[in-house]
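Summary of the model geometry
The residues making up each chain are set out below.
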Amino acid sequence: MIGKKGNDRNISILIDARMYGYLFSPIIASLIERGIKVTVYAPQSILKNVELDLPNDDLIAYKDLDPILKKNRFRYFIHLIGLYFFTREEFLFRSIKRYQFDNEEASLFKRTILRAAKLSPKLPDDKVNKFLSKISTAFLANPFDSKTILVGSQNSCPQLLGLKSQKVVTVMESWDHAVKKPNGYASDIVFAWNSSLREDWIERQHDQFVHVFWPLKLRYAKNIEVVKEVSSDLIGERKFCVYCVTATRRFSFPIIIELEKKLIRDLSKATELAGWDLLIKPRPNGEVGEFDDVLEEFPNTRIGTITSQDVDVPANYFLDDNYNATRFAEVSGAEFIINAFTTFGLDAAAANLPVLQIDIRGAIGYSDSNFYYENDHIKKYLLTDNYVLKLTGDFVDGFMHYLSNPNDFPVKYSKALKRWLFTEQSETEAIERLIEEVLGGLD
């Protein structure tokens, strides 16, 4: 029976970056409560960290993913060539600028493929993921210990997935993964955050069985006890607002870094003129000292905390309870959280904090912001007609005017965003439904 310890049923879970460990932790806990064996595959570089990130139980076994990847290295190149040669640019890249940046920043091998791919015929979007599964897994025996395999969306192992002998279950890690680019393989079952993102996944990724789930990525914010006390060395007695950083010079394109640095300077100047303070909330995987020049130039600015500096790729970080508590303690006293392009506005809304969504496409000197604002998920779900502050002309003057005459946009926007994010079912109910679907037909 399902709940009986020691049964021989097994599920494989791929955790190729630590953020996927955070995604799957409560799912794994529910599986082992039911007596299901779980084999976690992770790269050697993060394997020990993943063991610490996940529940401690004898039903969880850990295996090194690297030997499987190394043995099938040629499949990675087959998948990559197929992806670039046969996918339309509009599906492969979120924007022409993204394509140009990828072309400039890519390795010589990738740049060569990108140039050659311009001449090849393209597949219809609804054929891409199935095609990639077929060409990259040809003559491949299932390399994992079980038929059923749980993976996060946009993982780094698509060349190993999509076999007929596998039951591949994809769990949406981030809300933009439905439209970001081809997922790279055909899923048997997909679990999306909510009904809107379910429809987006079906429309863009073309998998057949997509269920409404729950945004597990945001559970810490939904459940956190927001602390109203803010450290005096971060913020003084004056009103303050928070800007959530999108880019970091460790991993982001230079043009985006420069755009955001300009925005942060203008926000700093506008808040200074209005008699407010500004807290810059960096990316968790950002770099110490990244905004020192802004802090020196504007005494009304402060910087929040980041995670460990040993993060080698953008996804290889784990937001533990202490870090989450710290960053929410830092921002919870703010009048509002300013969101331009990043996703922390979702986190803030989940935690019932006011969110001021700004649209700066019409502001002087911010035409490059279209790089972000033209993305489908940003336009569709963040730049709504209601409660968005649209700034035109001189940004500093416009934002300073708003600070002098604030309205209730942040509160109303945050409430609307939270209503969109979460379904009526609870996190526990959503996980239970996922488990039932996954266990159906399990060997």
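An account of the accompanying structure is given in this report. (Residues numbered from 1 in each chain as written. Predicted model: local features only at pLDDT ≥ 70, side-chain atom pairs only at ≥ 80, totals over all residues. Heavy atoms only, no water.)

Details of the overall build of the protein chain
Secondary structure assignment for the protein chain yields 19 helices and 13 strands. Counting the 443 residues in the protein chain, one finds 56% classified as buried. Sequence-distant contacts in the protein chain: of pairs separated by 6 or more residues, those separated by 24 or more amount to 69%. Approximately 19300 Å² of the protein chain is accessible, and the part contributed by carbon and sulfur atoms is 51%. (Helix = DSSP H or I, 4+ residues; strand = E, 2+ residues; numbered from the N terminus. Buried < 20%, exposed > 50% of the residue type's maximum accessible area, 1.4 Å probe, protein only. Contact = heavy atoms within 4.5 Å. Areas by Shrake-Rupley, 256 points an atom, 1.4 Å probe, with all protein chains shown as cover.)

A short note on the packing of helix H4 (residues 73-86) against helix H7 (residues 108-117)
Where H4 meets H7, the closest approach of the two axes is 9 Å, and the angle between their N-to-C directions is 40°. In this structure, H4 meets H7 at a crossing whose hand is right-handed. Contact with H4, carried on its side by Tyr-76, Phe-77, Leu-80, Ile-81, Tyr-84 and Phe-85, involves Phe-109, Lys-110, Ile-113, Leu-114, Ala-116 and Ala-117 of H7 and no other residues of that element. (Axes fitted to C-alpha atoms, helices over the stretch in contact; angles between N-to-C directions. Left-handed = near helix turned anticlockwise from the far one by under 90°.)

Points about the packing of aromatic side chains
Scanning the model with the defined rule gives 19 aromatic pairs in all. For the ring pair Trp-214 and Phe-422, a centre distance of 5.2 Å and an interplane angle of 55° mean the geometry is tilted. Of this pair, Trp-214 sits in the loop between strand E7 (210-212) and helix H10 (219-223) while Phe-422 is found in the loop between helix H18 (409-421) and helix H19 (427-439), placing the two residues 208 residues apart along the sequence. Judged on exposure class, the residue Trp-214 and its partner Phe-422 are both buried. Seen in terms of ring centroids, Trp-276 and Phe-336 are 5.7 Å apart; in terms of plane orientation they differ by 40°. Their pairing is tilted. (Phe/Tyr/Trp six-rings, centres within 6.5 Å; stacked < 30°, edge-to-face > 60°.)

A look at helix H13 (residues 321-331)
For H13, the complete set of buried residues consists of Tyr-323, Asn-324, Arg-327, Phe-328, Ala-329, Glu-330 and Val-331. Residues of H13 that are buried sit in contact with H10, strand E8 (240-244), strand E9 (277-281), strand E11 (337-339) and helix H14 (344-350).

Details of the sheet that holds strand E12 (residues 355-363)
The strand order across the open sheet formed by 6 strands is E10-E9-E8-E11-E12-E13, and the pairing between neighbours is parallel. Each having just a single partner strand, strand E10 (301-303) and strand E13 (389-393) make up the two edges of the open sheet. Direction aside, the axes of adjacent strands within the sheet are offset by 30° on average. With 3 bridges connecting them, E11 and E12 associate as parallel partners. (Pairing = 2+ DSSP bridges.)

Description of the sheet that holds strand E2 (residues 37-42)
Reading across the sheet, the 7 strands line up as E3-E2-E1-E4-E5-E6-E7 and stay open at both edges, with parallel pairing between neighbours. Sheet topology places strand E3 (60-64) and E7 at the edges, where each strand pairs with a single neighbour. Averaged over all pairs of adjacent strands, the angle between their axes in this sheet comes to 25°, without regard to strand direction. Pairing between E2 and E3: 5 bridges, direction parallel. Looking across to E3, one finds that Val-40 is bridged to Tyr-62. Relative to E3, helix H2 (residues 44-53) is tilted by about 165°, and along the sheet it contacts E2 and E3. Against the sheet, helix H9 (residues 195-205) makes contact with strand E5 (167-171), strand E6 (189-192) and E7, and its axis sits at roughly 170° relative to E7, the strand it touches most.

Brief notes about the pairing of E5
For E5, the tally of buried residues reaches 5 of 5 residues, placing the bulk of the element in the interior. Here E5 shows no split at all, with Lys-167, Val-169 and Val-171 on one side and Val-168 and Thr-170 on the other all buried. As defined by bridge partners, strand E4 (residues 148-152) adjoins E5 across 5 bridges and the pair is classed as parallel. In the sheet register, Gly-152 faces E5, and the bridge partner there is Val-171.

The values reported here are purely geometric and, on their own, carry no functional implication.
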